[in-house]
Amino acid sequence: TVKDESGNVIPFATVSEKGAKNAVSADADGNFTMHVKDGATITISAAGFNSVDKSTLENLKEIVLNKEGKETIEEVVVTAVGVRRAERSLGYASTQVNAEELTATGNRSALNALQGKVPGVEITSGSGAPGASTRIIMRGFSSLGGSNQPLFVVDGVPVSNGQVGSTDLNGGLDFGNRGNDINPNDIESINILQGGSATALYGSRAASGVVLITTKNGSKSNGKASVDIASATSFETPLRLPFMQNEFGQGWYNRSTAEGGDLAENGSWGPRFDGVNRPWGFVVDNQQLVKPFSALKTNVRDFFEVGKTLNNSIAIKNGDENKSYYVSYGNILADGIMPTDADSYKRHNVALRGNTKFLKIFNASASVNYVNKSSKFVLTGQDQSVLDGLWQAPRDISFVDQKDYHNKFYNVDNYYTLYAQNPYYVLNEHGNRFEENRVFGNLSLDAKVTPWLTATFKAGNDVSGSTSKSWRAITKSARSASNDDVGRVTESSYSSSEFNTDFFLNIKPTINHDLTLDAIVGHNFNQRDARTHSSQVIGLDIPFFYSLSNSSATPSTSATLSKRRLVGVYGSANLGFKNMLFLNITGRNDWSSTLPASNRSFFYPGASLSFVFSELLQNKDVLSFGKIRMGAARTGKDADPYQIFAVLNQTALTDGYRGFNFPLAGGINGFTVSNLIGNQALQPEISTDYEIGTDLKFLKNRIGLNFTAYNKIITNLIWTSTIPSSTGFTAQTQNLGKITNKGVEIALNLVPVQTNDWNWEVFANYSRNKNKLEELVAGLDQISLGGTGSIGFVARPGYPLGLFEGTVVETDPQGRVVVNAQGLPNMKAEKEVLGSSQNKFRIGGGTTLSYKNWSMRLVGDYRNGGLMYSRTAEMMYFTGNAIQTTFNDRQPFIVPNSVQKVGNAYVENTTPIAGFDHNLNAYFNQTNNAGVGSSYVLMSKTFFKLREFSLYYSFPKEWISRSFIRSVDLGLIGTNLLLWTPTSNPFTDPEQTTFGNDMAADYGDYGAAPTTRSIGFNLKLGF
Amino acid sequence: CKKGFFDINVSPNNPAEATPALVLPSAVAGSAFVFGGYYQAVGAYWTQQYAQSAGASQWADWESYNLTDNDFDRQFTTLYAGALYDYKYVKDKASAASSWKFYAIAGLMQAYTFQVLADLYDKIPFTEALNGTGTLQPKYDDGQAVYDGLLAMIDDALSKDLSSASVPNPGTTDVIFGGDMGKWRQFANTLKLKIYLRYVNVDANKYSTQIKALLAENNFLTSDAAFTSFKAEQTGANPFYNTFVDRLAGNVIANTTLMSWLTEHSDPRRNGIYKASETGSTWASLNSGQYLTATGTIKSFATPNIGSTYPVYFFTKEEVLFLIAEAEARYGSAANAKTAFDAGVKASFDSYSLGGSAIVYPYNGVPSIIEQKWVASTNKRSLEAFFDYNRTGYPAGIFTRPPTSIWSGNDRPKRFFFAASERKSNSNTPQRVDLNVPVWWAKQ
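Residues numbered from 1 in each chain as written. Chains lettered and ligands numbered in written order. Predicted model: local features only at pLDDT ≥ 70, side-chain atom pairs only at ≥ 80, totals over all residues.

On to the overall build of chain A, then. In terms of regular secondary structure, chain A is built from eight helices and 58 strands. Its C-alpha atoms give chain A a radius of gyration of 31 Å, near enough to 31 Å, the size a compact globule of 1023 residues would have. Buried positions account for 51% of the 1023 residues belonging to chain A. Restricting the contact set of chain A to residue pairs at least 6 apart, pairs at least 24 apart contribute 68%. (Helix = DSSP H or I, 4+ residues; strand = E, 2+ residues; numbered from the N terminus. Rg over C-alpha atoms; globule rule 2.2 N^0.38 Å. Buried ≥ 20, exposed ≤ 12 C-beta atoms within 10 Å, placed from the backbone. Contact = placed C-beta atoms within 7 Å.)

Structure follows, in structure tokens:
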């Protein structure tokens, strides 16, 4: 076995006989077999190590190579179906992130810990709620209707990245995505595979990339048991709360201070602050509260508490070349920034893994992971929402003073405003609870039938069962009906299962010294089942008792089943020449149950080339390593189940606020023809990928540069598109267009200083993706991707996906603003495109500086361009809390350069918008279709975040060498410490979203919990 | 793989087919949900029966006439992709099985529903509509052509065997008349009369023969045609109550225009039409657009008296009598007109159990008929009052100009914008027409 100084296996070392044209390559485990004459000298070399000459007379059981310099080990990466390959042989870009980088800040989410570190990948965490989902988009959007989330593969077996949540504007939920379930401390490395050449063997589900997770095991322990403990504690505070005006106080249109007048208002359209003591709130029992009429600058910030997250983990492992085990337990206990534990997340992870070799040729391994999650989530959106209560408050109202929502002045009857609910009431009396148990694991059996043939069978299953319960208290106000609620309970359960098997042969015949072949032929079966069941009663009888039985109303129930099957056969051949030129050819055919029988089978090929031209160089002092790679590959993708036949639904009508469900009074049931019309001509979506790139290392690997350019073309896009309702239907799942993603990714690594005591490394990456909807089927000018009634989220040919469409001020032929009889701008009849949601480019980077036992690390993330909708911004304008609403001191003003239309002529407008008047509010408030058009609630998505900071101290070995302790590391850690946004966005963190974790999330934010900054400490112990 | 291994794509969650008896109630409910919800509400705002309350602004745009093509888009979609297609489904299935009673009911209700849309939008997809992917971009037909089609649709329904021998009998799955086909004949005659009277401004004599024949036959509805299958619970209540009274509480109050009219005439129906305020002056109301300067909340105003199980009316008894009165006034005898007019007023009082104290209002021809029809339509048929105003100009000189109106003169809305979803997905959607432009049959 070839090993390094620390005893780690060096895979794929080159072994050659001196003075002869005889060479072999060691395998991934560092083993090699070679036929030479006795006494011959062999040279063992591996990139990044000083080569060694050995005589065959020596003991060759263990060969130790010394490192040439740091960071120079020949990278071995995990590729499709879990096969390890030397990075040099790959014709595509692949980024690997190691354990240390994932756990440095104690992040509960390994995915969030990737932010800023991987070129070409956009990683976004949608809110500051504990356990919030993480969205990963690789090389732009490649699907309209299907998922744009990558396939998650753990140790070669796909696992679920399902999300339980709701994007309802009247109460959204996000109980997190399962990709975040994996204990980061269990992860050895994460590989990001983006291009089709890299992912082709994973088949149709990998069309949006693959996150390959390799977990830790005990095989490198050399028979010494070890225990690792990590314990991180961090404290969270809101990262961005809107900047607000502090000049004007409670009121609306400056009406009156009579009851029901300004003092009952939920906004700051009232008089200028004067600091004079005044009564506020309602008269209760002939008493009224008094406070100074002045701004409370931190009233919103004071409402939030310091969130806490504990992340603990213990792992025990042992093993050698023949057998190993790994056992770990981890937990996350988080309570977010909202007061109370209404926002909390608890997770327990247990992992058990082991392997054994037997009967010489077999290796069996097994892995079982158990995850238990329980969380509570503060609803997003409008309608009895906590954040609405916060944003809709005058600048002079204190929340913390009203914490006692039973107090007669602050209770439901007498809360100061008629138009919002006391947020403490909402937090304490309405609620929800989510619980999930998940088991995933796999079994794998390898048989090394001959030295050149390995047969592998892997079976994996990922089963989860979840329940959620949500409730609203019976709420009755003596004063205002707008916040009344008859009470409700909803109970839901979800179960999902994903079963996957792979059988493949890995063929590595020894052809000759110059020519190597590494081929795979395999078969894949995948079945996914899901079941949901939900029941609800609205209108409770016994207050504060939450059971489905507690209502005289007809419960509404629904249950759905979903099943899909996919079978694939695949093959790949990697042909290497002189360890310098590699050609890789892949092909896969899938059969999917979700497509019409005639289009069920689809084949897609790919090819890539890698040329390590530095092998031709004599002197590698300047250019130590150089490789050019290129690839082209195609991937097909199926549809969601049940899209091809028309059906009927039990009738449920809605006007957007309330519904009307069958059965009718008198027990009459009803069915309506589904609005989704079938499509029996549906075809798979086809993604064709071209990429070219280079990997260069200079000055003995002190400088590394990777460059990739790609063009990804997706045709036959599957999308449930809107069809005119006058057809009798509103939607059809169709193949309707073509998307392209063209982009570049650059990664740079520098080691400016490297001495015995000092080590300084710098990394940076740049990504740019130009996404475009190239075409739509005839008759469609655009498609709707979601959004809200006032601002649409659409796609139009010739533009990037995710366009905002909203109202625009009408102008006359000279470009002057046309106003109506009220002096308010008219809006054009047609909505117009206001911009795209997509970033122009992203830059991530960081640095690690270490001196003796100290090491410090910083990671930053900059994103440029794109727009987002912000409900926070909209609410700030609506309530007059936005600084912008103090324009002209709220005195009457004529819209600059405005005209009125008289007949067919435009005459100069002389009607001012009155100050302190409805029209001033209307000017800034888009719900009245007035003012400046929709664009004012669209924020730039440009931002810079200081993602990570950590400062670690490792206790010197001499201090602990006499104890049983192996290592002690103590760290100060922080994530998202700083956020910078352009001055045009004083309102929100551009990462916030309440629209799930796919394309629709780009629309923006409808009242998510503010994102957080966290600071804490981490203790790592090794025994 | 064995056969069927991949054939698992038939949804286990939804039926592939259903009988007319299961789809007809759904279709009728779809019409009732829209007509009794948003359409009732906007009709009442635009005929100044309701007003926006102080301290809220949800429907302020309706009063300022500042709409976009997103307003009422959902209702358009609910009607086409819901009710109208379901009627077609019932007709297709019923026709194949010779279930002619189902066929006729679906045909009559489909005609009724199409007419409301044609009156709101002027032009609607009709001849090419409801054809699924067969016609992905249905053309818009002129209102007059739609009307021709509606009359044919009614005649087609009536031409089928609706006798007692014809089975099956819809029974309770006919949620309007319980399968009483005699009443459906009356419904058809009443609907025809309503359609014919739309022509008074464009071609008054076009259907005079048919009108006279209908009056002679005198087989109109003598009772309400209403959807009453509501439950006093949140997912089964009257749509106006559910959304406008309960969910968006605080917005809809009495309009001073109608309130003053009722008070001036000491009309006791006031106490049935409106609910007294909870605080302050009992019958307090606001004019359209007055919410801006007024103080108070919904509790300080009178509100529409619509509860959770209030019916949704397709025709009311009094409306039918006013229709007959107008037809008699224009095409028959003034004496008959006055008789029907008086009976109409009486029926309206009866509907509030005030038959004993019914006022005998002076009769002066069409203006008095439409004015009384407007009062009687409150809470029940407000959208019809909106159409009547646009058609006849009555009640005259009574509507106020909302101070928030985006129009400088006394312009009033006369139609809806073509629905946004259609504009985006159907290239045959006509160019936008301003809201103050009359529809084809309206008084210019």
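Alright, that's what it looks like, and here's the rest.
Often, the extent of an interface is quoted as the loss of accessible area on bringing the components together. The interface of chain B with chain A comprises 85 residues on the first partner and 77 residues on the second. Of all the elements, helix 3 (residues 73-96) of chain B adds the most residues to the side of chain B that touches chain A, at twelve residues. Looking at the side of chain B that touches chain A, its residues break down into 36 nonpolar, 39 polar and ten charged. (Nonpolar A, V, L, I, M, F, W, Y, C, P; charged D, E, K, R; others polar.)

The next subject is the confidence of the model for chain B. Mean pLDDT over chain B: 95, with 99% of residues reaching 70 or higher. Two summary scores accompany this predicted model of the complex, namely pTM at 0.86 and ipTM at 0.95. (pLDDT = per-residue confidence, 0-100.)

Right, let's get into the packing of helix 11 (residues 317-331) of chain B against helix 13 (residues 366-377) of chain B. Residue and element names in this part refer to chain B. Contact geometry for helix 11 and helix 13: axes closest at 10 Å, N-to-C directions at 170°. The pairing of helix 11 with helix 13 is recorded here as roughly antiparallel in orientation. Note on element contacts: helix 13 touches helix 11 through Val366, Ile369, Gln372, Lys373, Ala376 and Ser377, opposite Glu318, Glu319, Phe322, Ala325, Glu326 and Ala329. Broken down by class, the residue content of the contact of helix 11 with helix 13 amounts to six nonpolar, two polar and four charged. (Axes fitted to C-alpha atoms, helices over the stretch in contact; angles between N-to-C directions. Parallel < 35°, antiparallel > 145°, perpendicular 65-115°, else oblique.)

Next up on the list: the nonpolar core. Residues Ala106(B) and Leu108(B) are the most contacted members of the largest nonpolar core, which totals 157 residues. Of the residues forming this core, the biggest block, 18 residues, is contributed by helix 1 (residues 20-46) of chain B. Those residues in contact with Leu108(B), other than ones at most four positions away along the chain, are Ile154(B), Ala157(B), Trp184(B), Phe187(B), Ala188(B) and Leu191(B). Core analysis: the second largest hydrophobic core is formed by 137 residues, Ala93(A), Leu717(A), Ile791(A) and Met875(A) among them. (Core = buried A, V, L, I, M, F, W, Y, C linked by C-beta atoms within 7 Å.)

Owing to its 3.6 residues per turn, the α-helix brings residues three or four apart onto one side. Residues and elements named next belong to chain B. Buried residues dominate helix 14 (residues 382-392), accounting for eleven of its eleven residues. Three or more residues of helix 14 are buried, namely Ser382, Leu383, Glu384, Ala385, Phe386, Phe387, Asp388, Tyr389, Asn390, Arg391 and Thr392. The inward-facing, buried residues of helix 14 contact helix 1, helix 4 (100-121), helix 11 and helix 13. Gly393 lies just past helix 14 and shows a positive phi near 80°.

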